[in-house]
Amino acid sequence: MDTFAALAHGMAVAIQPVNLLYALIGVFLGTAVGVLPGIGPALTVALLLPVIYKLDPGGSLIMFAGIYYGGMYGGSTTAILINTPGESASMATALEGNKMAKAGRGGPALATSAIGSFVAGTIATIGLAFLAPWLVDFAVRFGPEDYFALMCVAFVTVSATFGDSPIRGLTSLFIGLTLGLVGIDKLTGQARLAFGVPELLDGVEVTTLAVGLFAVGEALYVASRRHHSEEKLEPVRGSLWMTKEDWKRSWKPWLRGTMFGFPIGALPAGGAEIPTFLSYSTEKRLTKYPEEFGKGAIEGVAGPEAANNASAAGTLVPLLTLGLPTSATAAMMLAGFQQYGLNPGPLLFAERPDLVWGLIASLFIANVMLLVLNLPLVGLWVRLLAIPQPWLYAGILVFATMGTIAAKPSVVELSMLAGFGVLGFLMRRFDFPIAPVVVGLILGPIAESQLRRALAISLGDPMTLLQSPISATLLGIALIALLAPFVLKGLGRFKANED
Amino acid sequence: MSSGDPARPPRRVDRAGIVIAALLAGLAAVLVFDARGLSSTAMYGMGPEAMPVVVACGLALLAIGNFIDALRGNLPARESADPVPVVLILIGLALLIAIIGFGGGFILATSALFVTTSAAFGRRAILVDGIIALVMSTLIYLAFDRLLTLSLPTGPLERLL
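These numbers come from a predicted model, not from an experiment.

### With respect to the overall build of chain A
A count of helical and extended segments in chain A gives 21 helices and two strands. Here the C-alpha atoms of chain A give a radius of gyration of 22 Å, agreeing with the 23 Å that 2.2 N^0.38 yields for 499 residues. Within the span of chain A, comprising 499 residues, buried residues form 62% of the whole. Across chain A, contacts joining residues at least 24 apart in sequence account for 81% of those joining residues at least 6 apart.

What follows is the structure, encoded as C-alpha cells:
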C-alpha cells in the first residue's frame, strides 16, 4: 500500500544520524522548556522557533516534532508535581496527578502519564499516517471557495463553540483578524494599517505575537497576582515504577483516552480540552474505585494524558492535509512551516513527500525517545522546576525577547512584543481566550485571499460560495456552530427563569 | 485598568467592560478610516478595502455585545491585581528597548530586563542578580554568535569579547 511505502520512506529520512540527533535535541529542549511552570507546548514551540530557523527545513521540522511532544510531556510533569497546568488540556491531569504526588505516588503518576502518552501518541500517529493520504485525496478537489468555507468553520469552532463565552472568543478572533490585515495587500500592493511605519509593511510576525501574548503576558499576569498563592513543588517520593495493579488500572484508560482524543483532535474543531475532560468523566464513571477520584486515582491521570497526546497528533491531520491550524500549538507549527516558505496542504504531500513523511516518522521516533529518556531523567526535570520564581520568569522574559532580538532587532518590533505582552496580560485578566488571536492572525490573510480568488474566478458573483456543495455544507456547519451556543444559552436562561 | 476591589457583587455595571467595548469600537473606526484610503483596483470581486470593512463590522457588533455584557455585569469575577510588579516589568522592557535602540548591545539590554523582572517577583538582591544576568547573557551571546552564527546587536560590552 502507498501509505506503507511512504511511511517507510519517511522512516529512512528520519533515521539518518543527523536527523536522529535533531529529534533528540528537540525532545530534550521541548521537555526542558515545557516543564517550566506556565509554559505550554504552544509557547515552547514559539520560543524555540527563532533558535532553529537557521537549520534546513527537513531537520528543523524533525526537531519540531520532538519539541512538540517534549513540550506536551513537560507540561504534564509540571501539572503533576506543582499543580500549575500550563494549558487547560492538562487540567484533568493536575486534578488527580497532583493528589497522587501529594500522597507519595508521584512516580507512578509520572510513569502512567509517560507510558500513556507513548501509547496514545503512537496509535494516533498511525491514525494520522493512514488518514492523511485519504484526506489529501479529498482536499485536492477543494476550490478556493471551499477553502474559504473551511476556514470559516475553523474560525467559529476555535473561538465560539467551546469557550465560556462566544462573545469573548469572537472578540479575540477579530483582534487576530485585525492584526492579520496589517501590511501590504498581496494582490494590489497597497499598504493597510501600516500608518507609515516601514516595519509594519511586512505585517505582524506570528512569533512576535505568540511570544508576546503567551510569554510576556503570562509573566505580567503571574507577577500581578503573586501575592495570592505560593506554588508548592511536590517531591517525587517512593518508587518511580508502576506496580502490577497500576498497569492493570492504566491500560484501558490509555486506550479509551486515545479513542476520545484522536477523532476530536482530527476534526477541524480544535482543542484538547474536550477529549481530556470527556476521558476524565468516563474514567470516573467506569472505575472500580470511585472513592479514589478527587484523591489521586491513577485512571484520572492515565486517561486524560492519553487523550491529550492523541488529540495533539490528531490536530496534525487538518494541519498537514489542509493547512488548517485548530489549536495554538498547531498555529505555531504552521508558523514554523511558513518560516521556510512551505505551505502545508495537499500540495506539500505531492511536492515534498520526504518532508511530510519524514515529519510523521519523526513523531514515532520522538515518542520512543521521550519514553526512554524521560523517566530516568525525571530528577533533572524536577530540578528545573525548583528554580526560584524570580529567576525563572526573568529567564523566560530574557529568552522570549532574545528570539525577537535575534530575528529582527528593531525598536518597533520589540515595542510590538511589549505591546502584545500587555494585550496578553489584559486578556488573561479579563478572561478572553488567547488562541483565537493567533489563529486569526495566521488564517485571516489566507481566508481573505481564498475568498478574493473565488470571487475573481466567479466574476464577482458571491453565489459561488453556495453553489459548490462542499462550501455550502461547510458554511452551514459554521453557521450552526456560531449560533448554537447563543441558542443554547437562551434556552438555559429560559429554563432558569422557569425554576 | 482597575485594580483592587475583589469579589465585586455581581449584576453591576462593569466599568472595565465598558472601556473594552469602547476600545473595540475605536478599533473598528480606525479600520474603516484606514480602508477609505485604499483604492479598489479589482475588476471583479472584492478589492483590498472589503476585508477591513467586514472585520470592522464584526468588531462593531462585538463592541455592542461586550457593552451589553458589561452593563449586565456578566464579566467573570476578577481577583485583585498588584500593579507594582507589572509596572516594574514594563520598565524593564522599556529599558531593553531603549538600550537596544541606542546601541547599548544585547548583554546590557537583557541584563536590565532580567534584574527588573527578578525584582518584580520579589527579589531584593539587585547586585547578585545583576552579576547572574551579566554572566548568563554573555554566555547566551557567545552561544548565539559563535555556535548558531545568529547576529545579536552589539554594544560596548560585546566588542570586548
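From this point, things continue past the structure.
### A short note on the overall build of chain B
Helix and strand counts for chain B stand at six helices and zero strands. Counting from the amino terminus, helix and strand elements in chain B follow one another as α-α-α-α-α-α. When burial is assessed residue by residue, chain B has 35% of its 161 residues classed as buried. Put simply, of all contacts in chain B between residues at least 6 apart along the chain, 63% involve residues at least 24 apart.

### Here we look at the packing of helix 12 (residues 299-322) of chain A against helix 13 (residues 328-339) of chain A
Residue and element names in this part refer to chain A. In the contact formed by helix 12 and helix 13, the axes pass within 10 Å of each other and the chain directions differ by 50°. Between helix 12 and helix 13, the crossing angle belongs to the class labelled oblique. Helix 12 and helix 13 meet at a crossing whose hand is right-handed. Contact residues: Ala312, Thr315 and Leu319 in helix 12; Thr329, Ala330, Met333 and Leu334 in helix 13. When grouped by side-chain class, the residues that make up the contact of helix 12 with helix 13 number five nonpolar, two polar and no charged.

### A closer look at the domain arrangement of chain B
Each domain of chain B was delimited in the assignment, giving domain 1 (15-72) and domain 2 (83-160). Taking only C-alpha atoms, the centre of domain 1 of chain B and the centre of domain 2 of chain B are 38 Å apart.

### Regarding the UniProt feature "transmembrane region" (unreviewed entry) in chain B
All names here are of chain B. Taken from the UniProt record, the annotation "transmembrane region" (unreviewed entry) applies to residues 16-38, 50-68, 88-114 and 126-144. This span, residues 16-38, is 91% helix and 0% strand, and a straight line between its end C-alpha atoms measures 34 Å. End C-alpha atoms of residues 50-68 are separated by 28 Å, and the span's content is 100% helix alongside 0% strand.

### As for unusual backbone geometry
All names here are of chain A. Of note, the phi angle at leucine 193 is positive, near 50°, even though the residue is not glycine. Among the structural elements, leucine 193 can be located in the loop between strand 2 (191-192) and helix 9 (206-224). Residue leucine 193 is classed as buried on the basis of its C-beta count, with 20 C-beta atoms lying within 10 Å. Within the chain, aspartate 431 stands out as a residue other than glycine whose phi angle is a positive 65°. With respect to the helices and strands, aspartate 431 occurs in the loop between helix 18 (411-429) and helix 19 (435-457). Its 14 C-beta neighbours within 10 Å are what place aspartate 431 among the partly exposed residues.

### What to know about the packing of helix 9 of chain A against helix 17 (residues 389-407) of chain A
Residues and elements named next belong to chain A. Packing of helix 9 against helix 17 leaves a shortest axis separation of 10 Å and a crossing angle of 165°. In terms of orientation, helix 9 lies roughly antiparallel with respect to helix 17. Seen from above, helix 9 lies across helix 17 with left-handed handedness. Judged by residue contacts, Thr207, Thr208, Val211, Ala215, Val216, Ala219 and Val222 of helix 9 engage Tyr393, Ile396, Leu397, Ala400, Gly403 and Thr404 from helix 17. Taken together, the residues of the contact of helix 9 with helix 17 break down into nine nonpolar, four polar and no charged.

### Examining the interface of chain A and chain B
Counting from both sides, the interface comprises 49 residues of chain A and, opposite them, 54 residues of chain B. For the side of chain A that touches chain B, the secondary structure elements donating two or more residues are helix 8 (166-181), helix 9, helix 17, helix 18 and helix 19 of chain A. With 11 residues, helix 17 of chain A is the single largest residue contributor to the side of chain A that touches chain B. Classifying every residue of the side of chain A that touches chain B gives 29 nonpolar, 11 polar and nine charged.

### Some thoughts on helix 10 (residues 244-266) of chain A
An ideal rise of 1.5 Å per residue puts 33 Å on 23 residues; helix 10 of chain A measures up with 33 Å between its terminal C-alpha atoms. Of all the bends in helix 10 of chain A, the largest measures some 30° and sits at serine 250 of chain A, one to four residues before the proline proline 253 of chain A.

### Structural notes on the environment of alanine 366 of chain A
All names here are of chain A. Turning to its location among the elements, alanine 366 is positioned in helix 15 (residues 353-374). Alanine 366 gets classed as buried once you count the C-beta atoms within 10 Å, which come to 28. Contacts of alanine 366, omitting those with residues within four sequence positions, involve Ala23, Gly26, Val27, Ala65, Gly66 and Tyr69.

### Topic: the confidence of the model for chain A
All names here are of chain A. With 92% of its residues at a pLDDT of at least 70, chain A reaches an overall mean of 83. When pLDDT is averaged over each helix and strand of chain A, the minimum, 74, is found for helix 21 (residues 469-498) and the maximum, 93, for helix 18. The low-confidence segment residues 494-499 (pLDDT under 50) makes zero contacts with residues lying over four places distant or belonging to another chain.

### Focus: the environment of serine 471 of chain A
Residues and elements named next belong to chain A. Looking at the element boundaries, serine 471 is found in helix 21. Among the residues examined, serine 471 registers 23 C-beta atoms within 10 Å and is labelled buried. Residues serine 471 and leucine 322, spaced 149 residues apart in sequence, show a C-alpha to C-alpha distance of 14 Å. Those residues in contact with serine 471, other than ones at most four positions away along the chain, are Glu145, Asp146, Ala149 and Leu465.

### Section: the confidence of the model for chain B
All names here are of chain B. Residues with a pLDDT of 70 or more make up 89% of chain B, whose mean pLDDT is 84. Considering only residues more than four positions removed or in separate chains, one finds that residues 1-10, a stretch of pLDDT under 50, has 13 contacts. Across the interface, the model reports ipTM at 0.88; the global pTM reads 0.86.

Thresholds, definitions, all that
- Residues numbered from 1 in each chain as written.
- Chains lettered and ligands numbered in written order.
- Predicted model: local features only at pLDDT ≥ 70, side-chain atom pairs only at ≥ 80, totals over all residues.
- Helix = DSSP H or I, 4+ residues; strand = E, 2+ residues; numbered from the N terminus.
- Rg over C-alpha atoms; globule rule 2.2 N^0.38 Å.
- Buried ≥ 20, exposed ≤ 12 C-beta atoms within 10 Å, placed from the backbone.
- Contact = placed C-beta atoms within 7 Å.
- Axes fitted to C-alpha atoms, helices over the stretch in contact; angles between N-to-C directions.
- Parallel < 35°, antiparallel > 145°, perpendicular 65-115°, else oblique.
- Left-handed = near helix turned anticlockwise from the far one by under 90°.
- Nonpolar A, V, L, I, M, F, W, Y, C, P; charged D, E, K, R; others polar.
- Domains from an automatic or database assignment.
- UniProt positions renumbered as here; feature names shortened; annotations may be inferred.
- Expected span 1.5 Å × (residues − 1).
- Bend = angle between axes of the 7 residues up to and from the residue.
- pLDDT = per-residue confidence, 0-100.

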